[in-house]
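Chain residues, written in single-letter form:
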Amino acid sequence: MRFLVLGPLEVEGDAGPVAVPGRRPQALLTALLLQPGAAVATDRLVDSVWGDQPPEAPANALQQVVARLRSRLAAGGPELADALVTAPGGYRLAVPLEAVDAEQFERGYRLARQHLGDDPRGAAALLDEVLPLWRGQAYGAHADGFARAPSVRLAELRTAAREDRAELDLRLGLAADAVAAARDLVAEHPLRDRPVEVLVRALHAVGRVPDALEVLRDHRNRLADELGLDPSPAIAELEARILRGELTA
């Protein structure tokens, strides 16, 4: 079984995809997947399912949604049929962490981070395994609601992982690939320093020094226009090293 939350909510059972129709069952499952394996209080689940318009008998109404969700999960096989269990004061999704793609991504990313210094090829391989897990915004339809904070946190980790991957290309001698990856990141996150730094270093590595300096000028102008800020000391030092001809890698 697998629960996919790095994009629209999807469930996979032993026999294939399991449909979870209905806004409330989907909200309930998403709320439980924010803490897989842990008990989630009834009040919190009610807030996730109904927001600021709770039903008159919230506990009973939640029981009905739980029953509907259990019925749908049961179609996915015995493991899914027993996954949603009653816990003291609430409910729990009794599934292993590795069954949830968000947990799989985060675990793989943190492992890759541990090997950035001593095994860049291994770190790159780990990132290549977990980055394709993403299919869209984490927690899908609920990313702007009750799942906003964890969705934003995961999005930040994804961006950091992509930055690591681009820098690993550069360290592994794949400067052209690093240029392409970093350019995409700069387009998506134009105010972040690290994609700019990787792109500039990668352009320098392939002999495109004027283009590297142009990226730095664009970054400086954007910071000034949008935030009224100067480039960070690291970016300023990178530009100075290029102008002095001191950048070698």
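What this report covers is the structure whose coordinates are included nearby. (Residues numbered from 1 in each chain as written. Predicted model: local features only at pLDDT ≥ 70, side-chain atom pairs only at ≥ 80, totals over all residues. Heavy atoms only, no water.)

A look at helix α7 (residues 148-171)
Residues three or four positions apart in an α-helix share a direction because the helix packs 3.6 residues into each turn. An ideal rise of 1.5 Å per residue puts 34 Å on 24 residues; α7 measures up with 35 Å between its terminal C-alpha atoms. Once α7 finishes, Gly-173 follows within two positions and takes phi at roughly 85 degrees, a positive value. (Helix = DSSP H or I, 4+ residues; strand = E, 2+ residues; numbered from the N terminus. Expected span 1.5 Å × (residues − 1).)

Digging into the packing of aromatic side chains
In total, this model carries two aromatic pairs according to the counting rule given. For the ring pair Phe-105 and Tyr-109, a centre distance of 6.2 Å and an interplane angle of 5 degrees mean the geometry is stacked. Here Phe-105 pairs with Tyr-109, and both are found in helix α5 (residues 101-114), just four residues apart, close to one helical turn. Since its relative accessible area comes to 5%, Tyr-109 is described here as buried. Plain terms: the ring middles of Phe-105 and Trp-134 are 5.5 Å apart, the flat faces sit at 90 degrees to each other, and that makes the pair edge-to-face. Of the two residues, Phe-105 is situated in helix α5 and Trp-134 in the loop between α6 (120-130) and α7; the sequence distance between them amounts to 29 residues. Relative accessible area serves as the criterion here: at 0%, Phe-105 is assigned to the buried category. On the basis of relative accessible area, Trp-134 is assigned to the buried category, the value being 9%. Members of the aromatic cluster, each reached through a chain of ring pairs, are Phe-105, Tyr-109 and Trp-134. (Phe/Tyr/Trp six-rings, centres within 6.5 Å; stacked < 30°, edge-to-face > 60°. Buried < 20%, exposed > 50% of the residue type's maximum accessible area, 1.4 Å probe, protein only.)

What to know about the sheet that holds strand β6 (residues 90-93)
As summarised here, the arrangement of the three strands in space is β4-β6-β5, forming an open sheet in which the pairing is antiparallel. A strand with exactly one partner marks an edge of an open sheet, and here the two such strands are β4 (39-41) and β5 (84-87). Looking at each pair of strands side by side, their axes are set apart by 35 degrees on average, direction ignored. Pairing of β4 with β6, which is carried by three bridges, proceeds in the antiparallel orientation. Within the sheet, the bridge partner assigned to Val-40 lies in β6 and is Tyr-91. Strand contacts of helix α1 (residues 23-33): β4, β5 and β6, with the helix running at about 75 degrees to β6, the strand carrying the most contacts. Relative to β4, helix α2 (residues 42-50) is tilted by about 70 degrees, and along the sheet it contacts β4 and β6. (Pairing = 2+ DSSP bridges. Axes fitted to C-alpha atoms, helices over the stretch in contact; angles between N-to-C directions. Contact = heavy atoms within 4.5 Å.)

A short note on the pairing of β6
Relative to β6, β5 runs antiparallel, the two being bridged by four bridges. Bridging across to β6, Val-85 finds its partner in Arg-92.

A few points about the nonpolar core
In this structure, Phe-3, Leu-28, Leu-62, Leu-93, Phe-105 and Leu-154 are the most contacted members of the largest nonpolar core, which totals 51 residues. Put simply, the parts of the chain that give this core at least two residues each are α1, α2, α3 (58-74), β6, α5, α6 and α7. In contact with Leu-154, not counting residues within four places along its chain, are Leu-6, Ala-102, Phe-105, Glu-106, Trp-134, Ala-138 and Tyr-139. Ala-178, Val-196, Ala-202 and Val-215 belong to the second largest nonpolar core, which has 21 residues in total. (Core = buried A, V, L, I, M, F, W, Y, C linked by side-chain atoms within 4.5 Å.)

Quick word on the packing of α5 against α7
At a minimum axis distance of 11 Å, the contact between α5 and α7 shows a crossing angle of 40 degrees. On the basis of the axis angle, α5 is oblique to α7. Read as a crossing pair, α5 and α7 show a hand that is left-handed. Between α5 and α7, the contacting residues are Ala-102, Phe-105, Glu-106, Tyr-109, Arg-110 and Arg-113 on the first element and Arg-153, Leu-154, Leu-157, Arg-158, Ala-160, Ala-161 and Asp-164 on the second. (Parallel < 35°, antiparallel > 145°, perpendicular 65-115°, else oblique. Left-handed = near helix turned anticlockwise from the far one by under 90°.)

Quick look at empty space enclosed by the protein
Enumeration over the complete set of coordinates arrives at one cavity of 30 Å³ or more. In this structure, the largest cavity encloses a volume near 30 Å³. Taken together, Ala-31, Leu-34, Gln-35, Val-40, Arg-44 and Ser-48 form the lining of the largest cavity. Considering only residue class, the lining of the largest cavity consists of three nonpolar, two polar and one charged. (1 Å grid on protein atoms, 1.4 Å probe; cavity = no way out; pocket = protein on both sides within 12 Å on 5 of 7 lines; lining within 4 Å. Points joined across faces, edges and corners; volume = space filled by probe spheres on them. Nonpolar A, V, L, I, M, F, W, Y, C, P; charged D, E, K, R; others polar.)

Let's talk about unusual backbone geometry
Backbone geometry places Tyr-139, a non-glycine residue, at a positive phi of 70 degrees. Relative to the helices and strands, Tyr-139 resides in the loop between α6 and α7.

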